[in-house]
Amino acid sequence: MCAKWCPWGVDKPDDDEEGNFSAFSMELLKKQNAETSAAIIQLLNTNPEFLSISENQTKMIMQRDNEDGEKLAAGIQIGIDRGALPTIEPVPYKEINVLGKTPDEIADEIISDVGEAVNTGAVIVLVGLSGTGKGTTVTKLSEKLPNTVTWSNGNIFRSITLLATSWCENNGMEQFDANAALTSENIADYLSMLSFDEFPDRGFDIKIEGLGISAFVKDIQNTDLKGPKVSKNIPTVAKQIQGEAVGFAAAAIEKMREAGMNVLLEGREQTVNYVSSPFRYSLTLSDSSIIGKRRVAQMLGATAFQKLQEEEEEVTPTAILETLNSCLSEL
């Protein structure tokens, strides 16, 4: 008998008829992708401990998503009140139930729906709860579509935070003062110091020009834009400039689309609603429990692989299952 829980309640079967157990290999574990997670879920899907932890994870993820959505909505309202954004009626999203579908199948469904627009430039917007596979779908779309770029608002927030902290320094302040730095007039000035365009020998990029800074974002995105003064203050700044960031992003994305690029954008509805596109998709799961199961499977897969890759001998399916069980008990 198994010392720990086995998916069959007894010793492992000799073939692949139950749980496809003997097909679980280090090669599969090494992939650390949706295929790995699905295999782990299949192995542990009747394990009471796995189900309990997964249920808690689902609740936590959904609660955090709701809280994040409320914060974003509050930030958008600040932008509306300041006149940085208009009040809009959101364009409906086409729902795609991802349950039982591979990332390739989801991406192919979207590509089929977008049609010929992928050859001339399209903006593809993805929303959905955490754990529904937005990031994985974006990766697959970028692999399958020509002339594709993935857009993130992160560097806009970081660029404005860099300017706001520099404004404080230039005004002799020893610490960041949000009330002084983030006035409506100052925020407008910071936005005027950012430009998005296609630059010779660089492609599309954001250029920062002002307050003693002259730089392209791609050149400083892993240095100045991730330095302590930016990282420490970006939550405060982001809350106040949601409207301006969304407006800047929408204009940048449209500029790339007009240049014939396929722009992939995934995020929360509160912000991506302001990006113009007829190609809008909401990834859903008819069984919400999968959200937590995927998250737990990802954690187990990563930890198990880290432990087993140090083994000198060939790792058997039995060793993998025992390691997954051991990792599960540590969560």
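This write-up is about the structure you can find in this document. This is a predicted model, so every value here is computed, not measured.

This next bit is on the sheet that holds strand 3 (residues 148–151). Pairing is parallel across the open sheet formed by 5 strands, whose spatial order is 1-8-2-7-3. Looking at the sheet topology across the chains shown, the edges are occupied by strand 1 (94–97) and strand 3. In this sheet, adjacent strand axes meet at a mean angle of 25 degrees when their direction is disregarded. The pairing of strand 2 (residues 123–128) with strand 8 (residues 279–284) spans 5 bridges and is parallel.

This next bit is on the pairing of strand 4 (residues 194–199). Pairing analysis gives 6 bridges linking strand 4 to strand 5 (residues 203–210), with the strands arranged antiparallel. Paired with L194 across the strands is I208, a residue of strand 5. In sequence, strand 4 turns back onto strand 5 through a hairpin of 3 residues, with D201 there showing a positive phi of about 65 degrees.

What follows is about helix 4 (residues 103–114). For helix 4, built from 12 residues, the straight-helix expectation of 16 Å at 1.5 Å per residue is met to within 8% by its first-to-last C-alpha distance of 17 Å. For helix 4, every residue scored as buried is listed here: P103, I106, A107, I110, I111 and V114. Buried residues of helix 4, seen end-on, are gathered within an arc of 135 degrees and therefore sit on one face of the element. Summarising the contacts, the buried residues of helix 4 are in contact with helix 2 (34–44), strand 1, strand 2, helix 5 (134–144) and strand 8. G115 sits one or two residues past helix 4 and shows a positive phi near 70 degrees.

Across all of its chains, the model carries 3 aromatic pairs by this definition. Geometrically, the ring pair formed by F196 and F204 is stacked, given 5.5 Å between the ring centres and 10 degrees between the ring planes. Under the relative-accessibility criterion, F204 is labelled buried at 12%. Considering the side-chain rings of F199 and F216, the 4.9 Å spacing of their centres and the 75 degrees angle between planes classify their relative orientation as edge-to-face. You can see F199 sitting in strand 4 and its partner F216 sitting in strand 6 (residues 213–216), a full 17 residues away along the chain. Of the two residues, F199 and F216, both sit in the buried class. An aromatic cluster is defined as three or more aromatic residues linked by ring pairs; in this entry it consists of W151, F196 and F204. Looking at R202, its charged tip hangs above the ring of F216, at a distance of 4.0 Å from the centre.

On the surface, E310, E311, E312 and E313 cluster together into a negatively charged patch. With respect to the element layout, E310 can be found in the loop between helix 13 (289–308) and helix 14 (317–330). Judged by its relative accessible area of 63%, E310 falls in the exposed class.

So, how was this worked out
Residues numbered from 1 in each chain as written. Predicted model: local features only at pLDDT ≥ 70, side-chain atom pairs only at ≥ 80, totals over all residues. Heavy atoms only, no water. Pairing = 2+ DSSP bridges. Helix = DSSP H or I, 4+ residues; strand = E, 2+ residues; numbered from the N terminus. Axes fitted to C-alpha atoms, helices over the stretch in contact; angles between N-to-C directions. Expected span 1.5 Å × (residues − 1). Buried < 20%, exposed > 50% of the residue type's maximum accessible area, 1.4 Å probe, protein only. Arc of directions from axis to C-beta. Contact = heavy atoms within 4.5 Å. Phe/Tyr/Trp six-rings, centres within 6.5 Å; stacked < 30°, edge-to-face > 60°. Lys NZ or Arg CZ within 6 Å of the ring centre and 35° of its normal. Patch = residues over 30% accessible without salt bridge, like charges linked within 9 Å, V, L, I, M, F, W, Y side chains within 5 Å. Areas by Shrake-Rupley, 256 points an atom, 1.4 Å probe, with all protein chains shown as cover. Salt bridge = Lys/Arg side-chain N within 4 Å of Asp/Glu carboxyl O. Lys, Arg positive; Asp, Glu negative; His and termini not counted. Charge placed at Lys NZ, Arg CZ, Asp CG, Glu CD.

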